[in-house]
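What follows is the residue order along each chain.
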Amino acid sequence: MAIQRTFSIIKPDATKRNLTGKIIAKFEEAGLRVVASKRIHMTREQAEGFYAVHKERPFFGELVDFMISEPVVVQVLEGEDAIAKNREVMGATNPAEAAPGTIRKEFALSIGENSVHGSDAAETAAEEIKFFFKDEEIVG
Ligand code: RTP
Ligand code: MG
């Protein structure tokens, strides 16, 4: 498998509870390297744009309100098979269904407040990275 990059967000429920370091440790233990990172407070416009694909879903309003409720940490993770590996470390969207040892099993509060976001495919990873980072902000 080739070296890939994926996009990650440490969500408001996790930054609020000071879990940033514990979550990054999970990425690093899985062989993912943080090659770009910044703490931001998303604007409503940014959150709506980022989650535009979910615009018609019943939870969209709630999701946007949550994502702008506290700062987040946006990151680019690099490693072998990084997209799938990150999804594995994150665990299922609903923490009740997440496997033991995953970030969502250990830290998530609910299906909405689930501590992390991770890109789901190569194409979305590239788009999401570009949404938040300039090329020169990523140091591999
Ligand atoms: P993500 O995109 O955040 O990595 O998570 P995912 O692929 O596992 O989940 P997705 O279906 O893409 O949903 C995006 C985010 O919306 C929130 N959500 N809330 N209340 C609900 O039923 C519900 N369903 C999804 C979660 O924060 C989810 O991560
Ligand atoms: Mg998703």
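In the nomenclature of an unreviewed UniProt entry, the chain is known as Nucleoside diphosphate kinase of Pelagibacterium lentulum. In UniProt, the chain has this text filed under Sequence similarities (unreviewed entry): "Belongs to the NDK family." Here the chain is described in UniProt, under the heading Subcellular location (unreviewed entry), as follows: "Cytoplasm".

1. Some details on the UniProt feature "domain: Nucleoside diphosphate kinase-like" (unreviewed entry) in the chain
UniProt feature "domain: Nucleoside diphosphate kinase-like" (unreviewed entry): in the numbering of this structure it lies at residues 3-140. Across residues 3-140, the secondary structure splits into 40% helix and 20% strand, with the terminal C-alpha atoms separated by 11 Å.

2. Notes on the packing of aromatic side chains
Across all of its chains, the model carries six aromatic pairs by this definition. Between Phe7 and Phe132, the aromatic rings sit 5.3 Å apart at their centres with planes inclined by 5°, giving stacked as the arrangement. In this pair, Phe7 is assigned in strand β1 (residues 3-10) and Phe132 in helix α7 (residues 122-132), connecting sequence segments 125 residues apart. Side by side, Phe7 and Phe132 carry an identical accessibility label, which is buried. Each ring, one from Phe50 and one from Phe132, has its centre 5.6 Å from the other, and the planes form 55°; the classification is tilted. Residue Phe50 is found in helix α3 (residues 44-50), and its partner Phe132 is found in helix α7; the two are separated by 82 residues along the sequence. For Phe50, a relative accessible area of 8% puts it in the buried group. Taking relative accessible area as the criterion, Phe132 reaches 7% and is therefore assigned buried. Chaining the aromatic ring pairs together yields one cluster made of Phe7, Phe50, Tyr51, Phe131 and Phe132.

Reading the values: rules and limits
Numbering of residues starts from 1 in every chain and runs along the sequence as written. Written order decides the labels, with chains lettered from A and ligands numbered from 1. Only residues with pLDDT of at least 70 get local features here, since the model is predicted, and only at 80 or more are side-chain atom pairs given and counted; chain-wide, interface and lining totals rely on the full set of residues. Note: side-chain values were computed over all heavy atoms of the structure, leaving out hydrogens and water. UniProt positions are given in the numbering used here, feature names are shortened, and annotations may be inferred rather than shown by experiment. Secondary structure is summarised from DSSP: a helix means a run of H or I of at least four residues, a strand means a run of E of at least two, and numbering begins at the N terminus for each. Stacked, tilted and edge-to-face are the three classes assigned to paired rings of Phe, Tyr and Trp, where Trp is represented by its six-membered ring and a pair needs centres within 6.5 Å; plane angles under 30 degrees give stacked, over 60 edge-to-face, the rest tilted. Type-normalised accessible area, obtained with a 1.4 Å probe on protein chains alone, sets the label of each residue: buried when under 20%, exposed when over 50%, and partly exposed for intermediate values.

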